Amino acid sequence: MRHSTAHIMAQAVQELYPGTKLGIGPAIENGFYYDFDRLQPFSDAELENIEQRMAQIIKQDLPFRKLEVGKEEAISTFNQKKEAYKLELINELGDTQLSLYQQGDFIDLCRGPHIPSAGKIPAFKLLSVAVAYWRGNENNKMLQRIYGTAQASPAQLKQYLNQLAEAKKRDHRKLGQELDLFSFSPEAGAGLVIYHPKGAILRGIIEDYEKREHIKRGYQPVIGPQLLKLDLWKKSGHYDNYRENMYFTEIEGQKYGIKPMNCLAHMLVYKSKLRSYRELPLRYFELGTVYRHEKSGVLHGLLRVRGFTQDDAHILCTPEQLNAEIVGIIDFVQQVMDTFGFSYTLEISTRPDKSIGSDEDWERATNALINALECKGLAYTINQGDGAFYGPKIDVKLKDAIGRSWQCATIQCDFTLPERFDLCYIGKDGKRHTPVMLHRVILGAMERFIGVLIEHYAGAFPVWLAPVQVKVMSITNEQDDYVHKVANKLLEHDIRVETDTSPEKIGFKIKEARLQKIPYMLIVGAKEKADVTVAVRKRGAGDLGGLEFDVFLQQIKQEINQKVN
RNA sequence: GCCGACGUAGCUCAGUGGUAGAGCAACUGAUUCGUAAUCAGUAGGCCGGGGGUUCAAGUCCCCCCGUCGGCUCCA
């Protein structure tokens, strides 16, 4: 249906703007796009015209007709129409028999299938114009792309448009500013995050949680340097394969690379002494800050930055231990994602063109990953050629509260770097063996994860994560002393609290705390002060009435300890 | 990096070549109030940076920085 809508859009465009040439027009998640070769970009007004023309075509209910033609006939058809891009596609297709689809006077090269007729499209809307390179190659001509959505019913279209609006409201860049979590500064540089106090608290809470979870699972914290000598990056293959993403510096004639990954230092820890098979597996964990020179155009709030901190670990183990280690990581991911209320799907990425290592190693590594997933009975899809340069990987795509998916966790299997670095252990047989290395992150990058979390919770963090958990406010300044008494009591129990003793009316104070999405407001007036109680107002639930202070304290402590979502 | 749009007060935004504006926030004063905005006043600007056109530039042109929407790439 979506693909058919793309055809109708192309028909409308060519009718309204003759001479516009066709690129391709596939269906995508929730919608479709079509690329057009045209000098000027489409304006909003033109988009509306196209939309109206499409509605007319749909009303006419033109049937989609499939035409089976030979290659020669297809070429002559598109030659006549001067559709150079379509001709390029036809020439690349090996098939001698091609299918075309036609509705009205419009004919397109297309594998199909299509709905029977245009009238079967219940609801659609054109969303935006953008530009894209022909065939995604930046050396090719830029085409004008129109994005649209088509849905099974007008109600579903409305729901989808609402979801887009909801996503916009949750934008972490907007919330990050409103909640005073972080900023960027052109003076500091693009893609470099400045954490404000509340953002730093949030990150600290997540990091503390992670450190404990890692130690529980037998990981050992290590810390590597921010710079390592250039020769080491040459040895690892980063210089050959990853140079364009790295920052370099030189001092006193010595060249250094700023680390874009943490694995080198972790291997140096391993190498610092002779290892026995009895020590393995060794699991080194680091909240490692790395810098990568990302192209300026790809930077995006916290989700794509140039300096970020990974919850990184490298596991060195024997080939026999590999399966159990991968399974252990998957369990770890599952437990952490449950805590934050995410579900997820899995993908395996295989060998890319630019890579190091032997084919046998790649096969062993890929099989190890597949094996572990099969053991766990987990479903996965294959992403051909999308692995890291040193090994294949399992990517975890998590799904947030409004159904969007994000890539955070990744597990990479590596037989190559341990060999390049001459890592070894003495086996049972008294001989030297090369260990296998697993690279893995659970949250991925703190920056990206925090960005995703902000959008997932729409800024309304559960109590255990909220930078300010409780705001205590007085009805009149007569209760200010009691406000501070309550706040100090909460502070003694490690609860993050703010007070509001301004001479404003209580409605105004509540409004401000609401905008800051603070989970609990404690409102105290003369009555509460006299009774040593607090009037509790819970985010999302409203006024809960009076509670004895100690009862409230126990309740919130329990909510924090259980990490209630 | 590439294409396009944008950049004016802390924030959101007006200002179409001729004296830099509003609302919110901030500050000062008054108000002491029971669950989503009390009133009055004050202050706040290298109009992103640099260069050019012009009698005159926030406004037009060029370069740089940054942001946004895409492409490509990625944790």
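Residues numbered from 1 in each chain as written. Chains lettered and ligands numbered in written order. Predicted model: local features only at pLDDT ≥ 70, side-chain atom pairs only at ≥ 80, totals over all residues. Heavy atoms only, no water.

Draft legend 1. Examining the protein's contact with RNA strand B more closely. The environment of RNA strand B is formed by 51 residues, the closest being Tyr133, Arg304, Asn477, Pro503 and Arg514. When the atoms of RNA strand B within 4 Å of the protein are grouped by moiety, sugar and phosphate amount to 47% of the total. In this structure, a base nitrogen belonging to RNA strand B sits 2.9 Å away from a main-chain N or O atom of Val305. Take Lys393: an N or O atom from its side chain is 3.1 Å from a phosphate oxygen of RNA strand B. The element best represented in the surface near RNA strand B is helix H16 (residues 506–515), accounting for 6 residues. Partitioning the surface near RNA strand B into residue classes produces 21 nonpolar, 13 polar and 17 charged. (Near = heavy atom within 4 Å. Polar contact = N/O pair within 3.5 Å; in protein donor to acceptor, adjacent residues only side chain to side chain. Helix = DSSP H or I, 4+ residues; strand = E, 2+ residues; numbered from the N terminus. Nonpolar A, V, L, I, M, F, W, Y, C, P; charged D, E, K, R; others polar.)

Draft legend 2. A look at the sheet that holds strand S14 (residues 254–258). If you walk across this open sheet you meet the 3 strands as S12-S14-S13, and the pairing is antiparallel. The sheet terminates laterally at strand S12 (227–229) and strand S13 (247–251), the two strands that pair on one side only. Along the sheet, successive strands turn relative to each other by an average axial angle of 35°, direction set aside. Sheet analysis places S12 next to S14, joined by 3 bridges and oriented antiparallel. (Pairing = 2+ DSSP bridges. Axes fitted to C-alpha atoms, helices over the stretch in contact; angles between N-to-C directions.)

Draft legend 3. A look at the domain arrangement of chain A. By domain assignment, chain A separates into domain 1 (2–165), domain 2 (174–457) and domain 3 (470–561). The distance between the C-alpha centroids of domain 2 and domain 3 comes to 42 Å. The contact between domain 2 and domain 3 buries some 410 Å² in all, and 54% of this surface belongs to carbon and sulfur atoms. Broken down residue by residue, the surface that domain 2 buries against domain 3 is led by Leu179, Lys198 and Ile205, which jointly contribute 69%. The partner of Lys198 in a salt bridge is Glu498, and the shortest N-O contact between them spans 3.5 Å. (Domains from an automatic or database assignment. Buried area = accessible area lost by both parts, 1.4 Å probe. Salt bridge = Lys/Arg side-chain N within 4 Å of Asp/Glu carboxyl O.)

Draft legend 4. Inspection of the layout of surface pockets at higher detail. By volume, the largest pocket is sized at about 1,200 Å³. What lines the largest pocket is a set of 41 residues, among which Tyr242, Arg292, Glu294, Lys393 and Gln412 lie closest to the centre. Contributions of two or more residues to the lining of the largest pocket are made by strand S17 (307–317), strand S20 (393–399), strand S21 (405–414) and strand S24 (436–445). Among the elements that make up the lining of the largest pocket, the one with the highest residue count is S24 (5 residues). Tallied by class, residues from the lining of the largest pocket come to 14 nonpolar, 13 polar and 14 charged. Roughly 460 Å³ of internal volume is contained in the second largest pocket. For the lining of the second largest pocket, the secondary structure elements donating two or more residues are helix H1 (2–16), helix H4 (84–92), strand S5 (97–103) and strand S6 (106–109). Broken down by class, the residue content of the lining of the second largest pocket amounts to 8 nonpolar, 6 polar and 6 charged. (1 Å grid on protein atoms, 1.4 Å probe; cavity = no way out; pocket = protein on both sides within 12 Å on 5 of 7 lines; lining within 4 Å. Points joined across faces, edges and corners; volume = space filled by probe spheres on them.)

Draft legend 5. Geometry of the pairing of S14. Sheet topology places S13 next to S14; 5 bridges connect them, and they run antiparallel. Paired with Ile251 across the strands is Gln254, a residue of S14. Counting the residues in the hairpin turn of S13 and S14 gives 2 residues, including Glu252, whose phi is positive at 50°.

Draft legend 6. The sheet that holds strand S23 (residues 432–433), seen in detail. Read from one edge of the open sheet, 3 strands run S15-S22-S23, paired in mixed fashion. The open sheet has two edge strands, strand S15 (275–276) and S23, and neither has a second partner.

Draft legend 7. Structural view of the packing of aromatic side chains. One pass over the structure, following the stated rule, counts 14 aromatic pairs. Between Phe342 and Phe449, the ring centres sit 6.0 Å apart and the planes meet at 65°, which makes this aromatic pair edge-to-face. Here Phe342 is found in the loop between helix H11 (322–340) and strand S18 (343–349), whereas its partner Phe449 is found in helix H14 (residues 446–457), with 107 residues between them in sequence. On the numbers, 5.4 Å between centres and 80° between planes, the contact of Tyr520 with Phe552 is edge-to-face. Note that Tyr520 is positioned in strand S27 (residues 520–524) and Phe552 in helix H18 (residues 549–561), a separation of 32 residues in sequence. The same class applies to Tyr520 and to Phe552, which are both buried. One aromatic cluster is present, built from ring pairs that chain together Tyr209, Phe340, Phe342, Phe449 and Trp464. Between Arg217 and the ring centre of Phe332, over which it is positioned, the NZ or CZ distance is 4.1 Å. One cation-aromatic arrangement involves Lys563 over Trp464; the distance from NZ or CZ to the ring centre is 5.1 Å. (Phe/Tyr/Trp six-rings, centres within 6.5 Å; stacked < 30°, edge-to-face > 60°. Buried < 20%, exposed > 50% of the residue type's maximum accessible area, 1.4 Å probe, protein only. Lys NZ or Arg CZ within 6 Å of the ring centre and 35° of its normal.)

Draft legend 8. Here's a closer look at the nonpolar core. Among the nonpolar cores identified, the biggest contains 84 residues, and Phe340, Leu465, Val470 and Leu490 are the most heavily contacted of them. Both domain 2 (174–457) and domain 3 (470–561) contribute no fewer than three residues apiece to this core. Not counting residues within four places of it along the chain, the set of residues in contact with Phe340 comprises Ile206, Tyr209, Leu443, Phe449, Leu453, His456, Tyr457, Trp464, Leu465 and Asn565. Of all hydrophobic cores here, the second largest spans 27 residues; its members include Ala12, Tyr17, Tyr34 and Ile50. (Core = buried A, V, L, I, M, F, W, Y, C linked by side-chain atoms within 4.5 Å. Contact = heavy atoms within 4.5 Å.)

Draft legend 9. Molecular detail of the side chain of Asn241. Within the fold, Asn241 resides in helix H9 (residues 238–241). When its relative accessible area of 13% is taken as the criterion, Asn241 is described as buried. Those residues in contact with Asn241, other than ones at most four positions away along the chain, are Lys354, Ser355, Ile356 and Phe389.

Draft legend 10. How the structure looks around helix H2 (residues 44–60). Between its terminal C-alpha atoms H2 stretches 25 Å, which fits the 24 Å expected from 17 residues at 1.5 Å a residue. Turning to H2, its buried residues number three or more, namely Glu46, Leu47, Ile50, Arg53, Met54, Ile57 and Ile58. The buried residues of H2 occupy an angular sector of 145° when projected down its axis, which confines them to one face. Of the exposed residues in H2, those oriented more than 90 degrees away from the buried face are Asp44, Ala45, Glu48 and Lys59. Check the buried side of H2 and you find it contacts H1, strand S7 (123–133) and strand S8 (142–151). (Expected span 1.5 Å × (residues − 1). Arc of directions from axis to C-beta.)

Draft legend 11. Inspection of the packing of H11 against helix H12 (residues 359–376) at higher detail. Their axes nearest at 9 Å, the elements H11 and H12 cross at an angle of 60°. With respect to H12, the element H11 is oriented oblique. The way H11 lies across H12 gives a crossing that is right-handed. Taking contact as the criterion, the partners of Leu322, Asn323, Ile326, Val327, Ile330 and Asp331 in H11 are, on H12, Ala368, Leu369, Asn371, Ala372, Leu373, Cys375 and Lys376. In terms of residue class, the contact of H11 with H12 is made up of 9 nonpolar, 2 polar and 2 charged. (Parallel < 35°, antiparallel > 145°, perpendicular 65-115°, else oblique. Left-handed = near helix turned anticlockwise from the far one by under 90°.)

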